[in-house]
Amino acid sequence: MPRIGLRKGSLAAIAAVCATALTVAACSSGSSGSSGAAGGGSSSSASLPTVTMMVGGIDKQIYLPYQLAQSLGFYKKYGVNMVLSTEQSGGVGAEDAMASGQVNMAGAWYVHTINFQLKGKAVEDIAQLSGSPGERIMCATGTHITSPAQWKGQSIGVTDLGSGTDQLTQYLGARYGLKHGTDYNTVAAGDGSTMIAALEHHKILCGMTTQPTVAAIEKLGVGYPAFDLTTTAGVQKWLGGFVPTAGVLAQTSWVDANKPTVQKVVDAIVATMHWLSTHSAADVANVLPPSFVNNSLVSKATYISTLSTDKSQFLPDGLMPADGPPVIMAISKLAGVITGPVNLSTTYTNSYAITANKDLGYTTG
């Protein structure tokens, strides 16, 4: 197998090919999500506390609950004016924007709470949205990859260096005896058109990505799903257990200073997760902004089909399962990112989600 590599600076060239098969607009992370919403309570926006949240790619299926809550009018219904924005390709990550105080909250992976603690910054997960990464590792057509052991001497695409997909990729490599940086490399290939172009032009052997990029890769015939990290069976096989990913993250100092507002946000999120668990993929697609479900990457019919398959990744109650953080800790250790002691009990709290479920009339275990 020939070595496939991504040279420094070549992503700029890759971006240029977006226009060949896809529109340039698809090269971005998508819509920023408006602060307005349909429905909701009787209070005007001016009378509600305002919260800002950046999401790590708001139009990705794995992150749909943040916008779904907005589209359903739940933020305002439960007493908060939510201003959503999305992480832009090549820009500041959602979790970093939150940690630096640019926004109050981040729609990002739970693992970042551990990463920040190792850097001396207290960040916690106040509501857990998903129980699996919702990702697939797509490998270039004709490569016949069936095991991470076959990555030796190759470049593997991730959304960004240091991201959750980067850590998961390094974990998979380590589980199969590969040393990152020596046996293989991870490179920032983004998502959407840049990930597609990297596979199509053999800049990477495989790449970890999510819907709707997965569907677009399959439709264009440039890659196939070699590793499924969306199903319970898939994460058990490749990752070794339950893997909590997308959550609502905030600095602990901000949470402690704004507890009533935090509760309102979690009320809205928990109500959304219950709505999501009891409605069809078509119902979800009909509520989300049209540009999320029908664009140059995916048709609405395909969006509904893929969401129907992957919807089980979402948790119904916003609660962090007790066995989730230890698995993430094990992944982080094997990926080599743990450089000191970690107190997992301070990286998340279920107190707000428990209160939300109680107030909404739902029984939790």
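Higher on the page you've got the structure.
Predicted model only: the values in this text are computed from it and were never measured. (Residues numbered from 1 in each chain as written. Predicted model: local features only at pLDDT ≥ 70, side-chain atom pairs only at ≥ 80, totals over all residues. Heavy atoms only, no water.)

## Regarding the environment of Trp238
Alright, step 1. Relative to the assigned elements, Trp238 resides in helix H10 (residues 232-239).
Alright, step 2. Distance in space between the C-alpha atoms of Trp238 and Phe227 is 7.8 Å, their sequence separation being 11 residues.
Alright, step 3. Once residues lying within four places of it in the same chain are set aside, the contact partners of Trp238 are Thr146, Pro148, Tyr171, Leu172, Arg175, Tyr176, Phe227, Asp228 and Leu229. (Helix = DSSP H or I, 4+ residues; strand = E, 2+ residues; numbered from the N terminus. Contact = heavy atoms within 4.5 Å.)

## Comments concerning the pattern of salt bridges
Close approach of charged atoms lets side chains of opposite charge pair.
Alright, step 1. In this structure the tally under the stated criterion is three salt bridges.
Alright, step 2. For the salt bridge of Asp191 with Lys60, the shortest nitrogen-to-oxygen distance reads 3.1 Å. One end of the pair, Asp191, is in the loop between strand S7 (185-188) and helix H8 (193-200); the other, Lys60, is in the loop between strand S1 (50-55) and helix H3 (64-71), and 131 residues separate them in sequence.
Alright, step 3. Given the relative accessible area of 15%, Asp191 is considered buried.
Alright, step 4. Put simply, Asp228 and Arg136 hold a salt bridge, and the shortest N to O gap is 4.0 Å. Placement of Asp228 in strand S9 (residues 223-229) and of Arg136 in strand S5 (residues 135-140) is noted, with a sequence separation of 92 residues between them.
Alright, step 5. Note on Asp228: relative accessible area 25%, which makes it partly exposed.
Alright, step 6. A network of salt bridges, in which partner residues are shared, links Arg136, Asp228 and Asp310. (Salt bridge = Lys/Arg side-chain N within 4 Å of Asp/Glu carboxyl O. Buried < 20%, exposed > 50% of the residue type's maximum accessible area, 1.4 Å probe, protein only.)

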